[in-house]
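Results of the structural survey
Listed below are the residues making up each chain.
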Amino acid sequence: MLLHMRDDEELGRITLAQVAQEAGVSISTVSKVLNGRQDVAGQTRIRVERLLEEHAYRRTTRAAREAPLIELVFHELESVWALELIRGVEKAAKAHQASVVLTESGTRQAPGPEWIEGVLQRRPRGVVLVFSALPTEVKQRLRSRSIPFVIIDPAGDPDPDVPSVGSANWNGGLVATRHLIELGHRRIGIITGPGDMLCSLARLDGYRSALSMAGLPADPDLVHYGDFHVEGGRERTVDLLDLPDPPTAIFAGSDLQALGALEAARLRGLRVPEDLSVVGYDDVPLAQWSSPALTTVHQPLRRMAEEAVQMLMRLRVREPVTTRLELATSLVVRKSTAAPAATT
């Protein structure tokens, strides 16, 4: 123990004894904080973690202590969209001889407070989160244990110090809407995602930009916010079709919402694409098997997940990383879009 402390001092690294002395606690208390133990007073834990973060304390035996795991955290695991991310993380983790543990916690904005205690005890090699941001305390506690983290497809606007991997949502909204305009549609509805998610707003901005570039008015009655699920897409499509002047095309902000739009059209006796064109977003495998096959914006979900894991691995060895990585989106034209009946 003394040899390790001397080596640390010679290298300019702070030791647990020094942290304990500065915090006014025992070495065993600092050790309990590092190990995620619950029997430490809240204010004491915060004080110790702040010192560990300030001094960039790193375990000298981290590789021996950490589990060969990458933790993937969602606020919900219901969607086929989530399955694509899981497959991408698993592929990249396997290449690094690591397994994947899945956790469901919290809301779209952040994981629940109970999650941090569990992850500190599990000590994974890194954490991939599908959220908009992380509370400051959570970031500090992860960093004090040398657990790197990356956010995928942030729902909001992550802090500059939070590494993230996303896609070109604005461009996705632009190309989807431009495709419908080029087919001759002039009344184009949109069912974007929740209004508190950055990706939803970016796709909506791309939609509006395409209309503006084509000299078309942006009718607020044609804009609806959804929830990225099938039922929400069906309900919002019914609302659009009930308008006095309904749209001839709908851009749905997710493939699941687009499937809901197809169902709403079927229930109304409308043919897709003859009576109503529909464009989705994500290009999950299910999109090509819908009836008709879905025109959609390809979002590289698996690659986004793989890039997040690669970023984690670089962070573990303190290599420089791009704080925000944005991957390209592209339009995949199938059979759910056509020129509007009035122009044929």
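Residues numbered from 1 in each chain as written. Predicted model: local features only at pLDDT ≥ 70, side-chain atom pairs only at ≥ 80, totals over all residues. Heavy atoms only, no water.

**Thoughts on the packing of helix α11 (residues 230–241) against helix α12 (residues 255–267)**
Relative orientation of the contacting elements α11 and α12 amounts to 50°, with a least axis distance of 7 Å. It follows from the interaxial angle that α11 and α12 lie oblique. In terms of crossing hand, the pair formed by α11 and α12 is right-handed. Residues Val230, Gly233, Arg234, Thr237, Val238 and Leu241 of α11 lie in contact with α12, whose contacting residues are Leu256, Gln257, Leu259, Gly260, Ala261, Glu263, Ala264 and Leu267. (Axes fitted to C-alpha atoms, helices over the stretch in contact; angles between N-to-C directions. Helix = DSSP H or I, 4+ residues; strand = E, 2+ residues; numbered from the N terminus. Parallel < 35°, antiparallel > 145°, perpendicular 65-115°, else oblique. Left-handed = near helix turned anticlockwise from the far one by under 90°. Contact = heavy atoms within 4.5 Å.)

**Details of the pattern of salt bridges**
Inspection of the entire model under this criterion finds 17 salt bridges. Across the salt bridge formed by Arg87 and Glu84, the nearest N and O atoms sit 3.1 Å from each other. Residue Arg87 and its partner Glu84 are both found in helix α6 (residues 80–95); the two are separated by 3 residues, about one turn of the helix. Judged by its relative accessible area of 36%, Arg87 falls in the partly exposed class. Glu117 is the salt-bridge partner of Arg141, the closest N and O atoms lying 2.9 Å from each other. Of this pair, Arg141 sits in helix α8 (residues 136–144) while Glu117 sits in helix α7 (residues 113–122), placing them 24 residues apart in sequence. Residue Arg141 shares its accessibility class with Glu117, and that shared class is buried. The network of salt bridges with shared partners includes Glu84, Arg87 and Arg302. (Salt bridge = Lys/Arg side-chain N within 4 Å of Asp/Glu carboxyl O. Buried < 20%, exposed > 50% of the residue type's maximum accessible area, 1.4 Å probe, protein only.)

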